[in-house]
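Residues per chain, in single letters:
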Amino acid sequence: MSATDDLGFSRSEMMIVASARQLAAQRVTFVGIGLPNIVCNLALRTSNPDLELVYESGIFGSTPKRLPLSIGDPTLVTGSTAVTSMYELFAFYLQAGLVDVGFLGAAQIDRFGNINTTVIGDYAHPKTRLPGSGGACEIAIHARKVFVIMRQGQRSFVEKLHFRTSPGHSGDPGHDRARGWTGSGPTSVVTDLATYVFDDATGEMTLVTMHPGVELDEVRANMGWDPRLAEDVGRTPAPTEEELRILREELDPQGVSAR
Amino acid sequence: MSATDDLGFSRSEMMIVASARQLAAQRVTFVGIGLPNIVCNLALRTSNPDLELVYESGIFGSTPKRLPLSIGDPTLVTGSTAVTSMYELFAFYLQAGLVDVGFLGAAQIDRFGNINTTVIGDYAHPKTRLPGSGGACEIAIHARKVFVIMRQGQRSFVEKLHFRTSPGHSGDPGHDRARGWTGSGPTSVVTDLATYVFDDATGEMTLVTMHPGVELDEVRANMGWDPRLAEDVGRTPAPTEEELRILREELDPQGVSAR
Amino acid sequence: MRGSKVATLRDAVAELVHDGDTVAIEGFTHLICFAAGHEIIRQRKRDLTLARMTPDVIYDQMIGAGVARKLVFSWLGNPGAGSLHAVRRRVEHDDPEPLEIEEYSHFGMVSRYMAGASNLPFMPIRSYFESDIPKVNPNIKPIVSPYDGAQVYAVPPLNPDVTVVHAQRADASGNAQIWGLLGCQKEAAFAAERVIVVCEEIVDEQTIRDDPNRTAIPGLIVDAVVEEPFGCHPSFAQGYYDRDNRFYREWEPISKDAVALEAWLEEWVYDLGSHADYVEKFGDAYWDALRPAERLSGRVNYGEYG
Amino acid sequence: MRGSKVATLRDAVAELVHDGDTVAIEGFTHLICFAAGHEIIRQRKRDLTLARMTPDVIYDQMIGAGVARKLVFSWLGNPGAGSLHAVRRRVEHDDPEPLEIEEYSHFGMVSRYMAGASNLPFMPIRSYFESDIPKVNPNIKPIVSPYDGAQVYAVPPLNPDVTVVHAQRADASGNAQIWGLLGCQKEAAFAAERVIVVCEEIVDEQTIRDDPNRTAIPGLIVDAVVEEPFGCHPSFAQGYYDRDNRFYREWEPISKDAVALEAWLEEWVYDLGSHADYVEKFGDAYWDALRPAERLSGRVNYGEYG
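Just so you know, these numbers come straight off a predicted model, no measurement behind them.

Cut-off values and rules
Residues numbered from 1 in each chain as written. Chains lettered and ligands numbered in written order. Predicted model: local features only at pLDDT ≥ 70, side-chain atom pairs only at ≥ 80, totals over all residues. Heavy atoms only, no water. Helix = DSSP H or I, 4+ residues; strand = E, 2+ residues; numbered from the N terminus. Contact = heavy atoms within 4.5 Å. Areas by Shrake-Rupley, 256 points an atom, 1.4 Å probe, with all protein chains shown as cover. Rg over C-alpha atoms; globule rule 2.2 N^0.38 Å. Buried < 20%, exposed > 50% of the residue type's maximum accessible area, 1.4 Å probe, protein only. Lys, Arg positive; Asp, Glu negative; His and termini not counted. Charge placed at Lys NZ, Arg CZ, Asp CG, Glu CD. Axes fitted to C-alpha atoms, helices over the stretch in contact; angles between N-to-C directions. Left-handed = near helix turned anticlockwise from the far one by under 90°. Nonpolar A, V, L, I, M, F, W, Y, C, P; charged D, E, K, R; others polar. Buried area = accessible area lost by both parts, 1.4 Å probe. Salt bridge = Lys/Arg side-chain N within 4 Å of Asp/Glu carboxyl O. Polar contact = N/O pair within 3.5 Å; in protein donor to acceptor, adjacent residues only side chain to side chain. Pairing = 2+ DSSP bridges. Least-squares fit on C-alpha atoms with pLDDT ≥ 70 in both. Expected span 1.5 Å × (residues − 1). Phe/Tyr/Trp six-rings, centres within 6.5 Å; stacked < 30°, edge-to-face > 60°. Lys NZ or Arg CZ within 6 Å of the ring centre and 35° of its normal.

Asks: A description of the overall build of chain A should follow, citing residues and the corresponding values.
Replies: When you go through chain A residue by residue, the secondary structure sums to eight helices and 14 strands. Taken over the C-alpha atoms alone, chain A extends approximately 50 × 45 × 40 Å along its principal axes. Once local pairs closer than 6 in sequence are excluded, the contacts in chain A between residues at least 24 apart make up 65%. Carbon and sulfur atoms make up 52% of the accessible area of chain A, which totals about 8900 Å².

Asks: Go over the overall build of chain C with me, naming the residues and quoting the values.
Replies: When you go through chain C residue by residue, the secondary structure sums to twelve helices and twelve strands. Expected size for 306 residues packed as a compact globule is a radius of gyration near 19 Å; at 20 Å, chain C falls within 12% of this value. When the backbone C-alpha atoms are referred to their principal axes, chain C occupies close to 60 × 50 × 35 Å. Looking at the 306 residues of chain C, the share that counts as buried comes to 69%. The long-range share in chain C, meaning contacts at least 24 apart out of those at least 6 apart in sequence, stands at 73%. The centroid of the 30 positive side-chain charges in chain C is displaced by 3 Å from the centroid of its 47 negative side-chain charges.

Asks: Describe the arrangement of the chains, naming the residues involved and giving the relevant values.
Replies: Contact analysis covers five pairs of chains in contact, and the most contacts occur between chains C and D. Kept free of each other, chain A and chain B leave a smallest C-alpha distance of 12 Å between them.

Asks: How would you summarise the packing of helix α1 (residues 9-16) of chain C against helix α2 (residues 34-42) of chain C if you had to cite specific residues and measurements?
Replies: All names here are of chain C. The geometry of α1 relative to α2 is characterised by a closest axis approach of 10 Å and an angle of 60 degrees between their N-to-C directions. Crossing handedness for the pair α1 and α2: right-handed. Along its contact with α1, which presents Leu9, Arg10 and Val13, the element α2 presents Ala35, Ala36, Glu39 and Ile40. Of the residues belonging to the contact of α1 with α2, the class tally is five nonpolar, no polar and two charged.

Asks: I'd like a description of the environment of Gly97(A), backed by residues and values.
Replies: Residue and element names in this part refer to chain A. Tracing the chain through its elements places Gly97 in the loop between α4 (86-95) and β5 (101-104). When the C-alpha atoms of Gly97 and Asp200 are compared, they prove to be 21 Å apart, with 103 residues separating the residues in sequence. Beyond its immediate stretch of four places on either side in the chain, Gly97 contacts Arg144 and Thr182.

Asks: Explain the interface of chain D and chain C to me, and be specific about the residues and the numbers.
Replies: Across the boundary between the two partners, chain D contributes 52 residues, which contact 52 residues of chain C. Across the chain D to chain C interface the summed buried area is about 4900 Å²; carbon plus sulfur atoms make up 55%. Counting across the interface, chain D meets chain C through six salt bridges. Put simply, Asp211(D) and Arg214(C) hold a salt bridge, and the shortest N to O gap is 2.9 Å. Scanning the region where chain D abuts chain C turns up 35 residue pairs in polar contact (both at pLDDT 80 or more). When contributions to the side of chain D that touches chain C are tallied by element, the ones reaching two or more residues are β5 (123-125), β6 (141-144), β7 (151-155) and α8 (205-209) of chain D. Its residues assigned to classes, the side of chain D that touches chain C comprises 27 nonpolar, twelve polar and 13 charged.

Asks: Go over the pattern of salt bridges, please, and point to the residues and values.
Replies: Counted according to the given criterion, the structure contains 68 salt bridges over all chains. One salt bridge in this structure joins Arg179(B) and Glu130(C), with 2.8 Å as the shortest N-O distance. Taken together, the residues Arg179(B) in the loop between α6 (173-178) and β11 (186-190) and Glu130(C) in the loop between β5 (123-125) and α6 (133-136) connect one chain to another. On the basis of relative accessible area, Arg179(B) is assigned to the buried category, the value being 16%. Note that Asp21(C) and Arg194(C) form a salt bridge whose closest N and O atoms lie 2.8 Å from each other. Separated by 173 residues along the polypeptide, Asp21(C) in the loop between α1 and β1 (22-25) and Arg194(C) in strand β10 (residues 194-202) bring together distant segments of the chain. Arg194(C) shares its class with Asp21(C); the two are buried. Connected via shared salt-bridge partners are Arg45(A), Glu242(A), Arg245(A), Glu249(A) and Glu250(A).

Asks: Which residues make up the sheet that holds β7(D), and what are the values?
Replies: Residue and element names in this part refer to chain D. Sheet architecture is open: three strands sit in the order β5-β7-β6, paired in antiparallel fashion. Looking at the sheet topology across the chains shown, the edges are occupied by β5 and β6. Between one strand axis and the next, the sheet turns through 50 degrees on average, direction left out of account. Of the strand pairs in this sheet, β5 and β7 are connected by three bridges, and their pairing is antiparallel. Each bridged residue has a counterpart across the sheet, and for Ile125 the counterpart in β7 is Tyr153.

Asks: Which residues make up the relation of the copies chain D and chain C, and what values go with them?
Replies: When chain D is fitted onto chain C, the two copies agree to an RMSD of 0.0 Å after a turn of 180 degrees and an axial shift of 0.0 Å. Given the turn and translation reported, the copies of this chain are related as if by a two-fold rotation axis. For chain D, the minimum C-alpha distance to the rotation axis belongs to Arg299(D) and amounts to 2.8 Å. Comparing interface residues between copies, 100% of those in chain D also lie at the interface in chain C; the contact surface is shared.

Asks: Break down the interface of chain C and chain B for me, citing the residues and quoting the values.
Replies: Across the contact, 46 residues belong to chain C and 45 residues belong to chain B. A combined buried area of about 4000 Å² lies between chain C and chain B, and 62% of that area is made up of carbon and sulfur atoms. Contact with chain B buries area across many residues of chain C, yet Phe107(C), Glu130(C) and Leu181(C) alone supply 17% of it, more than any other trio. Across the contact surface, chain C and chain B share two salt bridges. Summed over the shared surface of chain C and chain B, the result is 21 residue pairs in polar contact (both at pLDDT 80 or more). Looking at the side of chain C that touches chain B, the elements with two or more residues in it are α4 (85-93), β4 (100-103), α5 (106-118), β5, α6 and α9 (245-256) of chain C. For the side of chain C that touches chain B, the element with the most residues is α5(C), which contributes six residues.

Asks: An account of the environment of Asn119(C) is requested, with residue identities and associated values reported.
Replies: Secondary-structure assignment places Asn119(C) in the loop between α5 and β5. The class of Asn119(C) is partly exposed, set by a relative accessible area of 25%. Each C-alpha atom of the pair Asn119(C) and Asn159(C) lies 9.1 Å from the other, and the pair is 40 residues apart in sequence. Residues within four places of Asn119(C) in sequence aside, it is in contact with Gln95(A), Ala96(A), Thr182(A) and Arg126(D).

Asks: How would you summarise α5(C) if you had to cite specific residues and measurements?
Replies: Residue and element names in this part refer to chain C. In a regular helix each residue adds 1.5 Å, so 13 residues correspond to 18 Å; α5 covers 18 Å between its end C-alpha atoms and thus fits that length. Most of α5 is tucked away: 13 of the 13 residues are buried. Just downstream of α5, Asn119 is the residue with a positive phi angle, here 55 degrees.

Asks: Could you give an account of the packing of aromatic side chains, with specific residues and numbers?
Replies: Geometrically, a pair of aromatic rings is defined through the distance of the ring centres and the angle of the planes. Taken as a whole and judged by the stated rule, the model has 53 aromatic pairs over all chains. Arranged with centres 5.8 Å apart and planes meeting at 50 degrees, the rings of Phe157(A) and Tyr196(A) form a pair that is tilted. Taken together, the residues span a long stretch of sequence, with Phe157(A) in the loop between β10 (145-149) and α6 (173-178) and Tyr196(A) in strand β12 (residues 194-198) at a distance of 39 residues. Judged by centre distance (6.4 Å) and plane angle (25 degrees), the ring pair of Trp264(D) and Trp268(D) falls under stacked. With a gap of four residues between them, Trp264(D) and Trp268(D) both fall in helix α10 (residues 258-270), about one helical turn apart. Looking at Trp264(D), the relative accessible area reads 8%, which means it is buried. Three or more aromatic residues joined by ring pairs form one cluster here, namely Phe230(C), Tyr241(C), Phe247(C), Trp251(C), Trp264(C), Trp268(C), Tyr278(C), Phe282(C), Tyr286(C) and Trp287(C). Stacked on the ring of Trp181(A), the Lys or Arg Arg179(A) has its end atom at 3.8 Å from the ring centre.

Asks: I'd love a proper account of the sheet that holds strand β10 (residues 145-149) of chain B, names of residues and values included.
Replies: All names here are of chain B. Spatial strand order, β4-β3-β2-β1-β5-β10-β11-β12-β13-β14: ten strands in an open sheet with mixed pairing. Lying at the two open borders of the sheet, with one neighbouring strand each, are β4 (82-83) and β14 (228-235). Where β10 meets β11, four bridges bridge the pair, whose relative direction is parallel. Following the sheet pairing, Phe147 is matched in β11 by Ser188. Each of β5 (101-104), β10, β11 and β12 (194-198) is contacted by helix α1 (residues 11-21), which is oriented at about 150 degrees to β11, the strand it contacts most.

Shown next, in the form of structure tokens:
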């Protein structure tokens with residue numbers, strides 16, 4: 001892990017902290033596997049103690065005694081307020097619009113927030129077979145806001161997806177509004193380098209802040225198109241001592257997230 | 001009640017007993033409100049101790065301590081093997097074809113076993129507003145066999161229904177087979193006067209036995225069409241002492257059923 | 001959502017039930033919240049559309065009291081005891097005024113709640129074949145399967161403005177636990193714009209957390225939580241009190257007579273300030289007679305992890 | 001149905017799972033019946049179509065062992081630990097042979113089980129809009145609502161020949177009770193032609209009757225009941241043992257190496273006669289370390305009536 005670099009925190013830690021801060025004003029969050037699991041548990045302990053976590057495994061009101069490796073960890077169930085079947089979770093909660101924020105990761109994302117988690121290469125004969133949708137396609141359509149968290153690079157921030165697993169913005173906001181989906185599509189992207197929002201007028205990903213130690217040329221060097229810039233691109237506030245302490249000591253002692 | 005007439009049992013008692021005997025070879029029976037409730041509980045104690053009762057309220061493996069007045073009686077729940085939601089009951093059990101026998105009552109029935117439980121008179125301005133379908137329409141379509149139990153008379157056994165709530169046979173067995181329903185439609189009718197089956201070739205209600213003390217002219221006088229007769233119309237065996245004892249003492253001490 | 005939603009039934013009905021609303025007070029024989037129905041009558045709500053699979057005595061009382069202009073249902077009767085004559089007077093004789101009806105089968109009604117709870121534009125259902133029901137209810141429409149080309153029927157979502165669910169127990173944020181008959185309480189609650197949970201007991205959150213699989217309704221969708229012991233009478237709450245079958249039988253002659261019905265409403269609803277008064281008026285001996293002996297469930301081990 | 005259906009896993013799999021069958025061993029992280037998967041491998045079943053929302057390590061093992069010709073799924077991975085390389089070798093390199101895949105989203109898969117359990121020709125679902133998934137899976141078809149004319153999608157019923165459900169406990173006639181994560185066990189069981197219930201404990205019928213609301217699968221649809229303690233390992237059974245996260249992590253390098261995978265299968269499946277041998281091979285200390293402290297649910301009162 002690179003948590004020992006001169007900044008005193010790794011870019012992964014910055015990514016997790018920046019993402020957790022975005023949950024400050026949110027309420028019902030749908031928690032999937034991996035990083036979002038850590039992000040949400042950090043937010044619960046920092047930016048938003050009242051955050052309601054709905055686990056993709058069908059658990060509500062969970063107060064886990066340890067950071068679960070999987071979203072189906074038994075520690076999430078014991079002492080929770082409710083457990084539901086997968087059908088009810090996807091139909092009564094997600095499809096019915098009860099979820100305010102959904103998290104998505106991606107192997108590839110385009111400038112409009114369309115996401116590929118299915119294949120690299122041709123579908124029939126893929127170079128790399130990825131996990132596929134899981135609940136991502138439904139989260140993209142039904143969560144009122146969609147937060148994307150992923151590392152960025154030439155291979156992940158691409159002009160053209162190899163496969164569109166989960167729909168983002170179309171590039172035509174008029175069309176997007178007319179779709180009449182519960183969700184309003186991708187809201188923000190947080191990477192190991194920067195944070196982005198999606199421009200209302202064009203639906204295009206827009207650079208808002210760069211993490212400490214990151215400059216624009218590095219951001220540009222790590223995406224497949226020339227990024228749209230906010231009027232004044234700012235600097236992501238560095239993680240506080242408290243944020244780092246909780247992340248390192250309570251949530252991720254193995255430093256899985258910090259790699 | 002007329003249980004004191006010279007036969008030593010009432011025609012209602014004969015109807016219930018004759019119906020209970022028809023459950024001898026059956027397995028999973030869907031129990032609705034009213035008479036079927038008494039019939040099935042009598043069968044459990046006489047003709048078929050292994051009968052599996054599925055209550056329309058969503059209860060399985062019930063061993064009631066008292067005869068429930070309604071199918072939603074709490075005595076049916078305590079000590080049962082399973083309880084299910086109404087959606088699952090109708091979708092996973094009835095629509096999925098798990099029910100062998102369903103019971104239907106009727107305000108009107110025609111010679112092909114089509115049933116009216118909705119209105120007497122015009123639908124928009126009914127002379128008598130009846131309960132409507134409840135689960136009857138689904139029972140008629142999905143239960144593998146349908147047993148009808150009802151009192152017969154000129155007003156209930158009619159040439160033409162005022163409203164078809166639950167479909168029976170069409171009169172064209174070829175058409176009936178082509179419908180591809182899980183159920184095979186009405187199987188038998190037991191009344192206060194006689195028992196009937198439905199003819200395979202024509203789907204028409206056919207007189208099979210007359211209850212003790214009932215003659216053909218009385219049967220004819222109590223239906224709206226000239227009944228098709230089995231090759232040799234028999235005599236319904238009278239209730240046994242044991243059947244009457246259980247019915248009167250255990251199942252229906254108030255004699256509700258015997259009126 | 002962590003905040004308390006505990007309210008009186010009077011306040012919950014006053015704030016959440018509006019004239020003209022579509023209201024569902026569900027419960028299949030079990031957990032029918034008569035207390036909420038009486039409060040709606042007492043507050044003289046008007047022009048409601050009432051939805052229930054089985055209107056039962058509760059809607060006979062409400063419709064007799066004139067709170068509704070329309071009824072959506074699938075089985076109209078007083079189970080095991082008789083008929084709903086106040087409803088029938090309006091349907092058969094427009095007495096004292098017409099009542100619009102919209103009629104389904106049981107499965108059709110449940111499927112409508114399922115569609116409503118799931119935000120689906122319709123639910124497919126294998127029913128209504130060769131029945132006259134779709135002829136008198138144009139909301140039941142044929143639909144063809146894109147696979148085998150089979151024609152089935154569709155029913156539209158039912159999304160009440162308000163659903164009242166009675167539960168044995170709930171915590172202050174509305175997490176409600178139900179055992180015994182489940183009816184379509186959960187589907188009706190998720191389908192609703194607003195949800196009132198009435199319960200026999202408000203319990204601490206820990207009681208809920210001790211058995212999360214028992215939770216039928218999450219606080220997430222609940223607007224108000226009301227503690228109202230015996231709130232289902234003459235319906236029942238499994239483990240708390242029995243169904244009052246005598247009341248259901250005695251309702252038959254009252255229901256048949258508009259004057260007797262009005263007198264009953266005066267004595268048991270209008271002249272009383274609350275359901276607590278109703279409970280007191282019956283008296284302790286009456287409730288003791290309806291209370292069952294204890295029969296506890298087993299326990300299961302959820303395990304302490306990490 | 002009153003008769004006992006208790007069987008050994010060997011007999012249940014031999015009698016109920018046939019070459020060429022569509023088999024679903026469900027369970028969303030929880031209650032994944034690895035014991036049944038291992039027995040299917042041990043009996044060298046072939047040409048199976050395997051269905052699961054999340055194929056997980058169990059299907060990586062089964063597909064690595066060559067029991068399947070096709071996989072129906074919605075998320076292909078080793079949660080929190082890595083990938084399913086045996087599956088990927090076949091998909092990416094036809095190594096050692098091609099594997100046909102049929103791919104949905106989670107909601108699509110669950111909806112397929114719902115349609116299958118409900119005997120519906122399809123389930124409507126608001127998903128797949130502007131996604132490429134329907135382009136590579138023609139079984140996902142657009143359908144228009146007969147009400148608002150909105151276009152949604154339909155998925156077809158999934159009716160496995162055999163579904164294996166693991167439960168914490170069941171009685172001899174197959175009434176099975178589950179707590180903790182519910183996944184789509186119930187829907188997958190009702191959708192199946194044949195059902196095998198594997199459980200941690202076979203209990204007497206009275207234990208089931210003491211809490212009927214806890215019953216997820218009724219004996220009515222069950223063909224065989226097998227008692228197989230630790231039958232879910234490395235998955236878990238709430239209250240009985242923890243998820244073996246180390247095993248999941250350690251599977252990653254094994255899965256990556258076809259030779260190592262074959263060696264693992266030899267040592268832990270083929271060379272063992274039964275799951276009991278597998279349990280014994282790990283040893284008591286191993287299982288003790290996975291066993292959680294007790295955390296009992298509360299009890300509820302069902303009441304003694306009449």
